[in-house]
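# Close look at the chain arrangement
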Amino acid sequence: MEARAHLKYARISPRKVSIVLDQIRNKPADYAMAVLKHTPKAACEDLEKLLKSAMANAENNHNMDVSRLYVAECFVCPGPILKRIRARSKGSADRIDKRTSHVTLVLKEQE
C-alpha cells in the first residue's frame, strides 16, 4: 500500500528541487518534515506542502498509520520551459529559460 502526491508546474528548477529530495529520500515522514522545515532552500516550502498532502492521502484514503510512514520514492521531472528575452547591448538579446518541475512523492508504511 502506498500514498502518492504530485506537484505539477512548480516554478523552480528541477536541479534545485533534486538537491532537497536527496536529503529526505528513504527517511521517516516526520523526520523528513523536520528537515524540510529547517533547510534554507527555496524548494522546501513547496515540498513541505507536498509531504503534508501525501501524509493526508495516506491517512484518509488508505487508512495508513501516519507514525509508521516513510518516503519510499521521490523524484522530479522537468516541466515545460518558459522562454523569455532580456535585452543586451547593441540591440541584441539573450534568452532566459524559466524552468518548471513536476515532483512526485510516494509514502509507504514500514513493516
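Here, every reference points to the structure presented above.
So, a few notes on the structure that sits alongside this text. Model, not experiment: these values are computed from the prediction.

Reading the values: the criteria
Residues numbered from 1 in each chain as written. Predicted model: local features only at pLDDT ≥ 70, side-chain atom pairs only at ≥ 80, totals over all residues. Heavy atoms only, no water. Pairing = 2+ DSSP bridges. Helix = DSSP H or I, 4+ residues; strand = E, 2+ residues; numbered from the N terminus. Axes fitted to C-alpha atoms, helices over the stretch in contact; angles between N-to-C directions. Parallel < 35°, antiparallel > 145°, perpendicular 65-115°, else oblique. Left-handed = near helix turned anticlockwise from the far one by under 90°. Contact = heavy atoms within 4.5 Å. Nonpolar A, V, L, I, M, F, W, Y, C, P; charged D, E, K, R; others polar. Buried < 20%, exposed > 50% of the residue type's maximum accessible area, 1.4 Å probe, protein only. Polar contact = N/O pair within 3.5 Å; in protein donor to acceptor, adjacent residues only side chain to side chain. Arc of directions from axis to C-beta.

## So, the sheet that holds strand 2 (residues 69-78)
Judged by pairing direction, the sheet is antiparallel, and its three strands sit side by side in the order 1-5-2 without closing on themselves. Only two strands of the sheet have a single partner each, and these edge strands are strand 1 (2-10) and strand 2. Across the sheet, the axes of successive neighbouring strands diverge by a mean angle of 15 degrees, strand direction being ignored. Summarising the sheet, strand 1 and strand 5 (residues 101-109) pair through seven bridges and their orientation is antiparallel.

## Here's the deal with the packing of helix 1 (residues 14-24) against helix 2 (residues 29-38)
Look at helix 1 against helix 2: their axes get within 9 Å of each other, and the N-to-C directions meet at 140 degrees. If you check the angle between helix 1 and helix 2, you find them oblique. Between helix 1 and helix 2 lies a crossing of right-handed hand. Residues Val20, Gln23 and Ile24 of helix 1 form the contact with helix 2, whose participating residues are Ala32, Val35 and Leu36. Among the residues making up the contact of helix 1 with helix 2, the classes are represented as five nonpolar, one polar and no charged.

## Some thoughts on the side chain of threonine 39
Within the secondary structure, threonine 39 sits in the loop between helix 2 and helix 3 (44-61). On the accessibility criterion, threonine 39 (18% relative accessible area) is buried. A polar side-chain atom of threonine 39 sits 2.5 Å from the main-chain carbonyl oxygen of valine 35. Residue contacts for threonine 39: discarding those within four places in its chain leaves Gln23 and Cys44.

## Quick word on helix 1
Helical geometry note: an α-helix holds 3.6 residues per turn, so side chains three or four residues apart project in the same direction. What helix 1 keeps buried is the set Pro14, Val17, Val20, Leu21 and Ile24. Mapping the buried residues of helix 1 onto a view down its axis gives an arc of 125 degrees, with all of them on the same face. Facing away from the buried side of helix 1 by more than 90 degrees, the exposed set consists of Arg15 and Lys16. Elements in contact with the buried residues of helix 1: helix 2, helix 3, strand 2 and strand 5. One or two steps after helix 1, the chain reaches asparagine 26, where phi turns positive at roughly 65 degrees.

## Some thoughts on the environment of arginine 88
Looking at the secondary structure, you find arginine 88 in the loop between strand 3 (82-87) and strand 4 (93-98). Judged by relative accessible area, arginine 88 falls into the partly exposed class, the value being 45%. Along the backbone, arginine 88 and lysine 52 are 36 residues apart, and their C-alpha atoms lie at a distance of 43 Å. Those residues in contact with arginine 88, other than ones at most four positions away along the chain, are Ala93 and Asp94. For arginine 88, the side chain forms a polar contact with the side chain of aspartate 94, separated by 3.4 Å.

What is shown is where atoms sit, not what they do.
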